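Structure assessment
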Number of protein chains: 2
Amino acid sequence: MVLDAALALADESGLDAVTMQAVASRLGVTPMAIYRHVGDKGALLDGVVERLLGEVRLPSEALPWPDRLRATARGVRRIGQRHPGVFPLVLQRLVATPAALRVRDTVQRGLVDAGVDPGRTAQAERLISTAVLGFVVSEVGGRFRNHSKRTVDGDFERLLELLSGLLESERAQPARWS
Amino acid sequence: MVLDAALALADESGLDAVTMQAVASRLGVTPMAIYRHVGDKGALLDGVVERLLGEVRLPSEALPWPDRLRATARGVRRIGQRHPGVFPLVLQRLVATPAALRVRDTVQRGLVDAGVDPGRTAQAERLISTAVLGFVVSEVGGRFRNHSKRTVDGDFERLLELLSGLLESERAQPARWS
DNA sequence: ACCTGAACACCGTTCAAGT
DNA sequence: ACCTGAACACCGTTCAAGT
């Protein structure tokens, strides 16, 4: 598949290495052949981002919500670390694709179970996702490259704690689990 | 100056329009002339990001810390909105440049005045900055483009409230102001 | 010191043509 | 339906040469 080739290239040599010609030659094909399968280079990158989000390992719905939300955040981070070349694009593209909705809905269900007022889960999800994505993009994009892995790991765990705190302040009804 | 031309191009026509040849022709000069002034296209973009951060309006140190921190965040957001083409690069480049340190130190002084344990201001600053930058990059990069301005403005104000909450939980000593 | 001309290998993309 | 050849205008960058 075209998207696999593009993602493999990005993982091996960075986003700049993802050119139509490089993707084509990895598939043993001429560059223009690709235009039959993706409309455009932009569409190619959109497809790769979608694949990335689809790769996020989501936790079992049977887990209590605090573990579930933490596991989701860690799953997103793991994908970022696995694909640092393309991950930053996640913050620049629309959130309405199926794979993006899949992650979003998992978070929103977690929030509902946590007892967040149903009228406020959408905003809470946006802020939580933005914080987590912003962190991971910073990390894999090199913004923290002066800091040790231990420091960055500690920052991420602290972020998760703070997001739990956010939920406490947001809860209107008793939680359904926990 | 070369950086001004590059920034103006990005503002008018997006990041893709910032090519060595376009910058050169805007200056009425041949493309290779630019290599005398910036080493590289990467260095050019670094320079533009630096200029951006230098443009952030920082609040007076005389303000009470809660207003000061809020004003700093709003100042960052305003620059993002003013320069949506280049702003996303802020999350991908190192934080150790002079203009970046200028913003960072303002936040850290705010945290100290808020009574955050001095051993923890660095982490708190990183998390706060990451959350704010992640939000603004999402906003100007179009991740929220399905939402109305009112919704996005509301999200940002809510984010600021939550960051204040973070400070409450982080305070070890009585605040110096407020 | 600064700018230029000519040239390099490489982009994304189109179009008409082939099977 | 899918792939190809040839071609387009445009990239970033180098090097030797000019003032």
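The structure displayed is predicted, hence computed values, not measured ones.

Around DNA strand D, a shell composed of 14 residues is seen, among which A:T30, A:H37, B:M20, B:Q21 and B:D40 lie nearest. Restricting attention to atoms of DNA strand D within 4 Å of the protein, one finds that 61% of them are sugar or phosphate atoms. At 3.0 Å, a side-chain N or O of B:K41 approaches a phosphate oxygen of DNA strand D. In terms of residue class, the surface near DNA strand D is built from seven nonpolar, four polar and three charged.

Next up on the list: the packing of helix 3 (residues 41–55) of chain B against helix 5 (residues 98–113) of chain B. Residue and element names in this part refer to chain B. Interhelical geometry of helix 3 versus helix 5 gives an angle of 30° and a closest axis separation of 8 Å. Accordingly, the angle class assigned to the pair helix 3 and helix 5 is roughly parallel. When the axes of helix 3 and helix 5 are compared, the crossing they make is left-handed. Contacts between helix 3 and helix 5 pair E50, L53 and G54 from the former with P98, A99, A100, R102 and V103 from the latter. Taken together, the residues of the contact of helix 3 with helix 5 sort by class into five nonpolar, one polar and two charged.

As a further point, take the pattern of salt bridges. Working definition: two side chains of opposite charge can pair if their charged atoms are close together. Residues and elements named next belong to chain A. For the coordinates displayed, the defined rule picks out 24 salt bridges over all chains. A salt bridge links E61 to R68; its shortest N-O distance comes to 3.5 Å. By relative accessible area, which is 1% here, R68 ends up buried. Between E61 and R109 there is a salt bridge, with the nearest N and O atoms lying 3.2 Å from each other. Linking E61 in the loop between helix 3 (41–55) and helix 4 (65–82) with R109 in helix 5 (residues 98–113), this pair joins segments that are 48 residues apart in sequence. The class for R109 is partly exposed, based on a relative accessible area of 40%. A single salt-bridge network, built from bridges that share partners, covers E61, R68, R109 and D113.

In the superposition of chain B on chain A (RMSD 0.0 Å, axial shift 0.0 Å), the rotation amounts to 180°. Such a combination of turn and shift is consistent with a two-fold rotation axis. For chain B, the residue whose C-alpha comes nearest the rotation axis is B:G134, separated from it by 2.1 Å. Looking at chain B, 100% of its interface residues are interface residues in chain A too, so the copies touch through the same face.

Moving on: the domain arrangement of chain A. One frequent convention defines the size of an interface as the accessible area lost when the parts assemble. Residues and elements named next belong to chain A. Domain annotation of chain A identifies domain 1 (2–39) and domain 2 (60–177). Relative placement of domain 1 and domain 2: their C-alpha centres are 30 Å apart. With four residues of domain 1 at the contact, the number on the domain 2 side is five residues. Both faces considered, domain 1 and domain 2 share a buried interface measuring about 370 Å² in area, 71% of it formed by carbon and sulfur atoms. Put simply, domain 1 and domain 2 have zero salt bridges between them. Across the contact surface, domain 1 and domain 2 share one residue pair in polar contact (both at pLDDT 80 or more). When grouped by side-chain class, the residues that make up the side of domain 1 that touches domain 2 number three nonpolar, no polar and one charged.

If you look at the biggest cluster of nonpolar residues, it comprises 112 residues, and the most contacted ones within it are A:V23, A:F87, A:L167, B:V23, B:F87 and B:L167. Apart from the residues within four sequence positions on either side, A:F87 is in contact with A:L52, A:V76, A:I79, A:G80, A:L133, A:V136, A:V137 and A:V140.

What counts and how
Residues numbered from 1 in each chain as written. Chains lettered and ligands numbered in written order. Predicted model: local features only at pLDDT ≥ 70, side-chain atom pairs only at ≥ 80, totals over all residues. Heavy atoms only, no water. Near = heavy atom within 4 Å. Polar contact = N/O pair within 3.5 Å; in protein donor to acceptor, adjacent residues only side chain to side chain. Nonpolar A, V, L, I, M, F, W, Y, C, P; charged D, E, K, R; others polar. Axes fitted to C-alpha atoms, helices over the stretch in contact; angles between N-to-C directions. Helix = DSSP H or I, 4+ residues; strand = E, 2+ residues; numbered from the N terminus. Parallel < 35°, antiparallel > 145°, perpendicular 65-115°, else oblique. Left-handed = near helix turned anticlockwise from the far one by under 90°. Contact = heavy atoms within 4.5 Å. Salt bridge = Lys/Arg side-chain N within 4 Å of Asp/Glu carboxyl O. Buried < 20%, exposed > 50% of the residue type's maximum accessible area, 1.4 Å probe, protein only. Least-squares fit on C-alpha atoms with pLDDT ≥ 70 in both. Domains from an automatic or database assignment. Buried area = accessible area lost by both parts, 1.4 Å probe. Core = buried A, V, L, I, M, F, W, Y, C linked by side-chain atoms within 4.5 Å.

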